[in-house]
Amino acid sequence: MNRSIQAEGSFAEIKQDMGFRRYLSKGKQNVWAESILLAMAHNVNKLHNKIQSERTGKHLFSLKNSA
C-alpha cells in the first residue's frame, strides 16, 4: 500500500511541476523512450534541488568501510 502511494507522488510531480499531460509520440517503443526521458529529467531535477538546498553528502545511515 505504501509503495503505491510513493509511485503516485512521482507521477503527480511530473504532471504538475513539469507540465506533462500526454505523450507526443505514437508506438510502444517511442512511448517507452519518452517515459525514460521523463524519468531522467525528473531525477536530474531532484538532484538539482538537493544541490541547491545543500543536502548532498548526508546519509541516513553511516557508510560501512569495505576491508
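Preceding this section is the structure that the text describes.
Residues numbered from 1 in each chain as written. Predicted model: local features only at pLDDT ≥ 70, side-chain atom pairs only at ≥ 80, totals over all residues. Heavy atoms only, no water.

### A short note on the layout of surface pockets
Condition: Definitions used throughout: a 1 Å grid over protein atoms alone; a cavity as a set of points that fits a 1.4 Å probe which cannot get out; a pocket as an open set with protein on both sides within 12 Å along at least five of seven lines; a lining residue as one with an atom within 4 Å of a point. Grid points are joined across faces, edges and corners, and a volume is the space filled by probe spheres set on the points. Side-chain classes follow a simple rule in which Ala, Val, Leu, Ile, Met, Phe, Trp, Tyr, Cys and Pro form the nonpolar group, Asp, Glu, Lys and Arg form the charged group, and the remainder, Gly included, forms the polar group.
Volume-wise, the largest pocket comes out at about 200 Å³. As for the largest pocket, its lining consists of Ser-10, Phe-11, Ile-14, Lys-15, Phe-20, Tyr-23, Ser-35, Leu-38, Ala-39 and His-42. A breakdown of the residues in the lining of the largest pocket according to their chemical character gives six nonpolar, three polar and one charged.

### Remarks on a nonpolar patch on the surface
Selection criterion: Without a salt bridge and with relative accessible area above 30%, a residue can belong to a patch; like charges are then joined within 9 Å and nonpolar side chains (Val, Leu, Ile, Met, Phe, Trp, Tyr) within 5 Å. Reported accessibility uses the Shrake-Rupley method at a 1.4 Å probe radius. Residues are deemed covered only where the shown protein chains occlude them. Think of a salt bridge as a Lys or Arg side-chain nitrogen and an Asp or Glu carboxyl oxygen that are within 4 Å of each other. Secondary structure elements are taken from DSSP: a helix is a run of H or I of four residues or more, a strand is a run of E of two residues or more, and numbering for both begins at the N terminus.
A surface patch of nonpolar side chains, amounting to about 470 Å² of accessible area, comprises Trp-32, Ile-36, Leu-37 and Met-40. Mapping Leu-37 onto the fold places it in helix α2 (residues 28-52).

### Things to note about α2
Structural remark: α-helix, 3.6 residues per turn; residues separated by three or four positions point the same way. Note the cut-off: Take the residue count of a helix, subtract one, and multiply by 1.5 Å to get its expected span. Three labels apply to residues, based on accessible area from a 1.4 Å probe with only protein chains included: buried if under 20% of the type maximum, exposed if over 50%, partly exposed otherwise in between.
The end-to-end C-alpha distance of α2 is 36 Å, a good match for the 36 Å that 25 residues give at a rise of 1.5 Å each. Buried residues of α2: Glu-34, Leu-38 and His-42, and no others. Following α2 by one or two positions, Glu-54 has its phi on the positive side, about 55 degrees.

### What about the environment of His-42?
In plain terms, the rule: For this analysis, residues touch if any pair of their heavy atoms sits within 4.5 Å.
Position of His-42 relative to the elements: it lies in helix α2. Distance in space between the C-alpha atoms of His-42 and Phe-11 is 9.6 Å, their sequence separation being 31 residues. Those residues within four positions of His-42 in sequence are excluded, and the remaining contacts are Ser-10, Glu-13, Ile-14 and Met-18.

### A few points about a positive patch on the surface
Operational definition: Counting rule for charge: Lys and Arg are taken as positive, Asp and Glu as negative, and neither His nor the chain ends is counted. Lys charges are placed at NZ, Arg charges at CZ, Asp charges at CG and Glu charges at CD.
A cluster of basic residues, Lys-46, Lys-50, Arg-55 and Lys-58, forms a positive patch at the surface. Position of Lys-58 relative to the elements: it lies in the segment after α2. Overall, the relative accessible area of 63% leaves Lys-58 in the exposed class.

### A closer look at the environment of Glu-13
Topologically, Glu-13 is positioned in helix α1 (residues 2-17). By relative accessible area, Glu-13 is classed as partly exposed at 36%. Residues contacting Glu-13, with those up to four places away along its chain left out, are Met-18 and His-42.

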